[in-house]
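Observations on the model geometry
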Amino acid sequence: MTLEIKICGLKTDEAVAAALDAGADWIGFVFFEKSPRNVALDEAARLAAAARGRAEIVALVVDADDATLAAIARDLRPDLLQLHGHESPERCAAIRASTGLPVMKAIAVAEAADLAVLPAYAAVCDRILFDAKPPKTPDALPGGNGLAFDWRLVRDLDPGRPVMLSGGLTPETVAEAIAVTGVAGLDVSSGVERAPGLKDPARIRAFIDNAREADRRRRREPGPKP
């Protein structure tokens, strides 16, 4: 399967151009007011216009209500909704039905027991994202914290849906993440920033270049003997 790379939390023309020019497959816009990557819907729609047809467009939401989701579906016209809150499998299915859009559910992982919910979400979602569980602090965000989890927990895991990996990914760690997990999808945000919410074009380019090279290397190497 071809490696897919998503650059999330874009807020500026420069960041969008950097992601597109570097060859990102997906670009993500965050609609969560507590996040330093939050962007107004009308601005996201304007930025997405430059990307449409060049990359898939993702809207990241956190326990959004129906009115917010309807506005995003109407004005942004995303290719995918990323559900990064406490949405239950039933809520995921309802969002998918009401918006008519594919959904990707983020599952927060710290230990193997956190993956017990995977079958229920895989049954109703189009994609699954494995992210690090946020720290237990009052100001912790549901994602974009720059934290990694033990990637071995999801090594070669196949829930019957396309999978993406997030959490602690940087240009420096992405090759290891690919080698350890075998995933075919990567989602990075804070790891390509120079400051919270401020994307670094050079780090975006380095991340994508390093990921593509690691994927090529993986494909050339023979798999383990049975």
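Data block above holds the structure.
What you are looking at is a predicted structure, and each value in this text was computed from that prediction instead of being measured. (Residues numbered from 1 in each chain as written. Predicted model: local features only at pLDDT ≥ 70, side-chain atom pairs only at ≥ 80, totals over all residues. Heavy atoms only, no water.)

1. A word on unusual backbone geometry
Unusually for a residue other than glycine, Arg77 sits at a positive phi of about 55°. Take Arg77: it is sitting in the loop between helix H3 (66–75) and strand E4 (80–83). Located in the positive-phi region is Asp156, a residue other than glycine, with phi close to 55°. Here Asp156 is to be found in the loop between strand E6 (127–132) and strand E7 (163–165). (Helix = DSSP H or I, 4+ residues; strand = E, 2+ residues; numbered from the N terminus.)

2. With respect to the packing of aromatic side chains
The full count for this structure, using the stated rule, is zero aromatic pairs. Directly above the aromatic system of Tyr121 lies the positively charged group of Lys105, at a separation of 5.4 Å from the ring centroid. (Phe/Tyr/Trp six-rings, centres within 6.5 Å; stacked < 30°, edge-to-face > 60°. Lys NZ or Arg CZ within 6 Å of the ring centre and 35° of its normal.)

3. Describing the pattern of salt bridges
Scanning the model with the defined rule gives 23 salt bridges in all. The partner of Glu193 in a salt bridge is Arg37, and the shortest N-O contact between them spans 2.7 Å. With a gap of 156 residues between them, Glu193 in strand E9 (residues 193–195) and Arg37 in the loop between strand E2 (26–31) and helix H2 (41–51) connect regions that are remote in the sequence. In this pair, the class of Glu193 matches that of Arg37, namely buried. In this structure, the salt-bridge partner of Asp156 is Arg155, at a minimum N-O distance of 3.8 Å. Residue classification places Asp156 among the exposed positions, given a relative accessible area of 58%. Three or more residues are tied together by salt bridges with common partners; here these are Glu213, Arg216, Arg217 and Arg220. (Salt bridge = Lys/Arg side-chain N within 4 Å of Asp/Glu carboxyl O. Buried < 20%, exposed > 50% of the residue type's maximum accessible area, 1.4 Å probe, protein only.)

4. Considering the nonpolar core
Phe29, Phe130 and Leu186 are the most contacted members of the largest nonpolar core, which totals 63 residues. Broken down by element, the residue count for this core peaks at six residues, all from helix H1 (residues 13–22). In this structure Leu186 touches Leu3, Glu4, Ile5, Lys6, Met164, Leu165, Leu169, Val174, Ile178, Phe207 and Ala211, once residues within four positions along its chain are discounted. Judged by nonpolar contacts, the second largest core, of seven residues, contains Val58, Met104, Leu129 and Met164. (Core = buried A, V, L, I, M, F, W, Y, C linked by side-chain atoms within 4.5 Å. Contact = heavy atoms within 4.5 Å.)

5. Overview of the side chain of Asp200
Considering the arrangement of structural elements, one finds Asp200 in the loop between strand E10 (198–199) and helix H7 (201–220). Judged by its relative accessible area of 15%, Asp200 falls in the buried class. With residues up to four places along the chain from it excluded, the contact list for Asp200 reads Val192, Glu193 and Arg194.

6. Focus on helix H4 (residues 89–99)
Every buried residue of H4 is accounted for by Pro89, Cys92, Ile95 and Thr99. Down the axis of H4, the buried side of the element spans an arc of 120°, and every buried residue falls inside it. Exposed side chains of H4 directed beyond 90 degrees from the buried face belong to Glu90, Ala97 and Ser98. Two residues or fewer past H4, Gly100 is found with a positive phi of approximately 75°. (Arc of directions from axis to C-beta.)

In short, geometric facts, not functional conclusions.
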